[in-house]
Each structure stands twice: as C-alpha cells, then as structure tokens.
Amino acid sequence: MGGKKNQMLIAIEGIDSAGKSTLTKNLTEYYQSQGKTVHFFHFPNKNGIFGQEIYRHYNQEKTYSKECMELLHTLDKMSMQEQLYEWCQEYDIVILDRYILTQYAYAIASGLNEKWVKNLISCFYVMPDFGFILDLPVEVALKRRKVSDIYEANLDFQEGVRWAFLLRGHEIGYQIIDASETPQKTYEQVIKILKKEE
C-alpha cells in the first residue's frame, strides 16, 4: 500500500448482523486514542450511483438479476478505488465495513459461477493489509436483528453466505473471528492480532 509507517487498510467481513459496524466503531475509537488518524467506509457506497441502485434493489424499489447485481457491486467498488488509494495515503488507518470478500460470498451463495465472480473481483487493486471474517451461526445473527430484509430472513441463503466466507477466507488468509458472543469479546480477539503489528 505504501505511505506512512504502520499504515493499514483493514477489511471487516461477515454475514449480516455479525457485528461489523460495532467492531469498526470500536477499532476507530482505539486507534484515535493512540493518536492515529482513522477513516472508515461502508460498502455499498450509498452516495454513489451504483450503490444507490443496489439499495433500490434491496428496498424492492427495483428488481435486477443476480448477474446485474454482481456487476453493480463491481462497479460500485471500482468507482471507489482512486478514493481508497488516496485515503490510504492520507490516513494512518482505513477500515472498510464490507469489501471484496463480501461481494464474493453473497454472489456464490446466490448461485453465480465462481470463475466469473473471481474474474470480476480481480479488477480491484487496493487490497487490505488485514482481513477479518466475523463468524457466527446464522440463527444467532437472526436473533440480533429487529428487522430483516428478504436476504437476511432467508436462513438457507445466509448459511450459504457464511460457508462461502469461511472457505474463501481460509484460502486467502483472512483471520476468522468468533463473533457469537459479546461485541467486546469480538473486539478483543481482533485487537490482539492487530497489536502485534504496532
């Protein structure tokens, strides 16, 4: 990635309600307390034209095919690559709430061709220094949600997403974190790994 010493790009992945946003908040607070500059970002990009179309599909305002949704996710991330690179030069720590592995896991669980999905994802060029998968049973994740969309409520689909995360994450060297207990315990597991790099 280059830039300042000890600079890091961190990707936090996992099924819905795994605790990604809470972990992002906790890590941001930790690094800021250490005097580091931190920027965090959530994909899909709600302010981008491609991200907005993705959310219209999620909100059932529009209907896109699985293939079209995968292309929208790809374009959403590709459109942010220059900005990501600039953030990585400007900040000590950049944290991504969902990134490439999330796109892969949901696409595979949707039944899309793995080779095609991997070819799309190979377009990305800003890669994380650390990737974490927050893993927990889908039944536990469901209990955490007050409201579920059509994807979140489908336990079989979410189970497929979970295993896609685990299998691909293991292949590419992501850290798998037990997120089934409290947010504090999840944070403690992650920060223990990250502190080794300080």
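Scroll up to find the structure.
The rules behind the values
- Along each chain, residue indices are assigned from 1 in the same order as the chain's sequence is written.
- With pLDDT at 70 or above as the cut-off, local features in this predicted model cover only qualifying residues; side-chain atom pairs require 80 or more to be listed or tallied, and sums for whole chains, interfaces and linings still use all residues.
- Note that water and hydrogens are dropped before the side-chain values are worked out from all heavy atoms of the structure.
- In this analysis, axes come from line fits to C-alpha atoms, helices being fitted only over the stretch in contact, and the angle between any two N-to-C directions falls in the range 0 to 180 degrees.
- For helices the rule is a DSSP run of H or I covering at least 4 residues; for strands it is a run of E covering at least 2, with both sets numbered from the N terminus onward.
- Each angle gets one of four labels, with under 35 degrees taken as roughly parallel, over 145 as roughly antiparallel, 65 to 115 as roughly perpendicular, and the rest as oblique.
- Each crossing is labelled by how the near helix is turned from the far one, with a counterclockwise turn of less than a right angle marking it left-handed and a clockwise turn marking it right-handed.
- In what follows, a contact means two residues having at least one pair of non-hydrogen atoms within 4.5 Å.
- Under the scheme applied, nonpolar residues are Ala, Val, Leu, Ile, Met, Phe, Trp, Tyr, Cys and Pro; charged residues are Asp, Glu, Lys and Arg; polar residues are all the others, including Gly.
- Cavities and pockets are defined on a 1 Å grid built over the protein atoms alone: a cavity is a set of grid points where a 1.4 Å probe fits but cannot escape, while a pocket is an open set with protein on both sides within 12 Å along at least five of seven lines, and lining residues are those with an atom within 4 Å of any such point.
- Grid points are joined across faces, edges and corners, and a volume is the space filled by probe spheres set on the points.
- For this analysis, a ring pair means two rings from Phe, Tyr or Trp (six-membered ring only for Trp) whose centres lie within 6.5 Å, classed as stacked if their planes differ by under 30 degrees, edge-to-face if by over 60, and tilted for the remaining angles.
- Under the scheme applied here, a residue whose accessible area is under 20% of the maximum for its type counts as buried, over 50% as exposed, and between as partly exposed, the area being computed with a 1.4 Å probe on protein chains only.
- Charges are assigned to positions over rings by a cutoff of 6 Å between ring centre and Lys NZ or Arg CZ, combined with an angular limit of 35 degrees from the ring normal.

**Q** Looking at this model, I keep getting lost on the packing of helix H5 (residues 100-109) against helix H8 (residues 155-172). Mind explaining?
**A** Think of two packed helices as two axes; the pair is described by the angle between the axes and how far apart they sit. Look at H5 against H8: their axes get within 8 Å of each other, and the N-to-C directions meet at 130°. One finds that H5 runs oblique with respect to H8. The two elements H5 and H8 meet at a crossing, and its hand is right-handed. Contacts between H5 and H8 involve Leu101, Thr102, Tyr104, Ala105, Tyr106, Ile108 and Ala109 from the former and Phe157, Gln158, Gly160, Val161, Ala164, Phe165, Arg168, Gly169 and Ile172 from the latter. A class-by-class count of the residues in the contact of H5 with H8 yields eleven nonpolar, four polar and one charged.

**Q** Looking at this structure, I do not really get the layout of surface pockets. What am I missing?
**A** A probe matching the size of a water molecule, rolled over the atoms, marks out where space remains unfilled. In this structure, the largest pocket encloses a volume near 750 Å³. Lining of the largest pocket is provided by 40 residues; of these, Asp16, Tyr58, Arg98, Thr102 and Tyr106 occupy positions nearest its centre. Of all the secondary structure elements, the ones that give two or more residues to the lining of the largest pocket are helix H1 (20-33), helix H2 (49-58), helix H3 (66-78), H5 and helix H9 (183-195). Looking at the lining of the largest pocket element by element, the count peaks at five residues for H3. Taken as a whole, the second largest pocket holds about 280 Å³ of empty space. As for the second largest pocket, its lining consists of 16 residues, and the residues nearest its centre are Ile100, Ile121, Met127, Arg168 and Ile172. The set of elements that each furnish at least two residues to the lining of the second largest pocket consists of H5, helix H6 (114-121), strand S4 (130-135) and H8. Ranked by the residues each element gives to the lining of the second largest pocket, the list is headed by H5, at three residues. Partitioned by chemical class, the residues of the lining of the second largest pocket number ten nonpolar, three polar and three charged.

**Q** What's the story with the packing of aromatic side chains in this structure? I'm lost.
**A** Each aromatic ring pair is characterised by the separation of its centres together with the angle its planes make. Applying the stated criterion across every chain yields a total of eight aromatic pairs. On the basis of an interplanar angle of 80° and a centroid distance of 5.0 Å, the ring pair of phenylalanine 41 and phenylalanine 43 is categorised as edge-to-face. Each member of the pair, phenylalanine 41 together with phenylalanine 43, is buried. When the centroid spacing of 6.4 Å and the interplanar angle of 10° are considered together, the rings of phenylalanine 130 and phenylalanine 132 count as stacked. An aromatic cluster is present here, built from Phe41, Phe43, Trp87 and Tyr99 joined pairwise through their rings. Sitting over the ring of tyrosine 55, lysine 46 keeps its end group 5.3 Å from the ring centre. Its end group placed over the ring of tryptophan 163, arginine 162 keeps NZ or CZ at 5.6 Å from the ring centre.

**Q** Hey, could you run me through the packing of H3 against H5 in this one?
**A** H5 packs onto H3 with a crossing angle of 175° between their chain directions and a minimal axis gap of 11 Å. By the angle between their axes, H3 is roughly antiparallel relative to H5. Only Ile100, Gln103 and Ala107 of H5 make contact with H3, whose side of the interface consists of Glu70, His73, Thr74 and Lys77.

Read these as spatial facts, not as claims about activity.
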